[in-house]
Amino acid sequence: MKIEGNSFVVTGGASGLGLATAKRLLKDGGNVVLLDLPTSAGEQVAAELGERTAFAPADVTDTAAVEAALDAAERLGELRGVVHCAGRGGTMRIVGKDGEPASLDFYEQVVRVNLVGSFNVLRLAAARMARLEEIEGERGVVVLTASAAGFEGRIGQTPYASSKAGIIGMTLVAARDLASKQVRVVSIAPGVFDTAILAGVPEKARATLGDDIPHPRRLGRPDEFGALATHIVANPYLNGEVIRLDGALRMTPR
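Here goes a summary of the coordinates provided. (Residues numbered from 1 in each chain as written. Predicted model: local features only at pLDDT ≥ 70, side-chain atom pairs only at ≥ 80, totals over all residues. Heavy atoms only, no water.)

Counting secondary structure elements, the protein contains eight helices and seven strands. Compactness check: the protein gives a C-alpha radius of gyration of 18 Å against a globular reference of 18 Å for 254 residues, within 12% of the reference. The dimensions of the protein, computed from C-alpha atoms along their principal axes, are 55 × 35 × 35 Å. Across the 254 residues in the protein, those meeting the buried criterion constitute 48%. Taking the average location of the 28 positive side-chain charges in the protein and that of its 30 negative ones, the two points are 4 Å from each other. (Helix = DSSP H or I, 4+ residues; strand = E, 2+ residues; numbered from the N terminus. Rg over C-alpha atoms; globule rule 2.2 N^0.38 Å. Buried < 20%, exposed > 50% of the residue type's maximum accessible area, 1.4 Å probe, protein only. Lys, Arg positive; Asp, Glu negative; His and termini not counted. Charge placed at Lys NZ, Arg CZ, Asp CG, Glu CD.)

Here it is as structure tokens:
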């Protein structure tokens, strides 16, 4: 898919993996709408990135708000791609130290944001792309964000791992479903990345986070995610695949 001159929505675009992806798309000539929570720094970030960027405040589970973000993208040009990075973490034991069962509400919240939110963005964006004229045999592409935890989650990650495993399971089926519309679906499963989520972790502890990564023996960099996401958008033969981006990491139980 050609990036230059087309519009893209990047969810979670105000920081981290989403922001790195937005910068890559802009560098390649795309127009970008940053979809992020109203409490994010999205408006300021969009202003700093320049005139081909806009901010759309939204929760990814809110259909009306996501539609408004897609409207904003279409005002900048044809909506040809979405890179969906928005999500949330959180840990809990299935049975706590007090012997009480885990919170069902918390589990549902994580799954709703990460999995239901992914499907909501996918369905709404794909419906718009399907109405576009094809360009060299395709109409659009949606890049979802899974996680290495979706393959081998750590203790305490049941809600998060479940939600990301759902995205992994969704990818091929969605690609097959949307093949007749000429819309591609690909997921990236990142390992441990150096994003704002780790900002409160002491430097010594941060250094040890990379110890289990075979090579390169360090945390992932957001720009490396952005580089892969942009390549997926541009490469028309990538479809229905979940690509691990983790330095050959296989997560240990703890």
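Let's pick the thread back up.
Turning our eyes to something else, we now look at the packing of helix 4 (residues 104–129) against helix 6 (residues 158–178). Interhelical geometry of helix 4 versus helix 6 gives an angle of 20° and a closest axis separation of 8 Å. Taken together, the axis directions place helix 4 and helix 6 in an arrangement best described as roughly parallel. Note that helix 4 runs across helix 6; the crossing there is right-handed. Counted together, F106, Y107, V110, V111, N114, L115, S118, F119, L122 and A126 of helix 4 and T158, P159, Y160, S162, S163, K164, G166, I167, M170, A174 and L178 of helix 6 form the full contact between these two elements. Class assignment of the residues belonging to the contact of helix 4 with helix 6 gives a composition of 14 nonpolar, six polar and one charged. (Axes fitted to C-alpha atoms, helices over the stretch in contact; angles between N-to-C directions. Parallel < 35°, antiparallel > 145°, perpendicular 65-115°, else oblique. Left-handed = near helix turned anticlockwise from the far one by under 90°. Contact = heavy atoms within 4.5 Å. Nonpolar A, V, L, I, M, F, W, Y, C, P; charged D, E, K, R; others polar.)

In this section: the pattern of salt bridges. Applying the stated rule across the entire model yields eleven salt bridges. In this structure, R80 engages E78 in a salt bridge whose closest nitrogen and oxygen atoms are separated by 2.8 Å. For E78, a relative accessible area of 37% corresponds to the partly exposed category. In this structure, the salt-bridge partner of E138 is R184, at a minimum N-O distance of 2.7 Å. With E138 in the loop between helix 4 and strand 5 (140–145) and R184 in strand 6 (residues 183–190), this pair connects stretches of sequence that are 46 residues apart. The same class applies to E138 and to R184, which are both buried. Each of E67, D71, E74 and R128 takes part in one network of salt bridges that share partners. (Salt bridge = Lys/Arg side-chain N within 4 Å of Asp/Glu carboxyl O.)

As summarised here, the arrangement of the seven strands in space is 3-2-1-4-5-6-7, forming an open sheet in which the pairing is parallel. Unpaired on one side and paired on the other, strand 3 (53–57) and strand 7 (242–245) mark the two borders of the sheet. Averaged over all pairs of adjacent strands, the angle between strand axes in this sheet comes to 20°, irrespective of strand direction. The pairing of strand 6 with strand 7 spans four bridges and is classified as parallel. (Pairing = 2+ DSSP bridges.)

The next point concerns the pairing of strand 6. Buried residues dominate strand 6, accounting for eight of its eight residues. Side chains V183, V185, S187 and A189 project from strand 6 onto one buried face, and the interleaved R184, V186, I188 and P190 project onto a second face that is buried too.

Take it as geometry only, folks, not as evidence of what the structure does.
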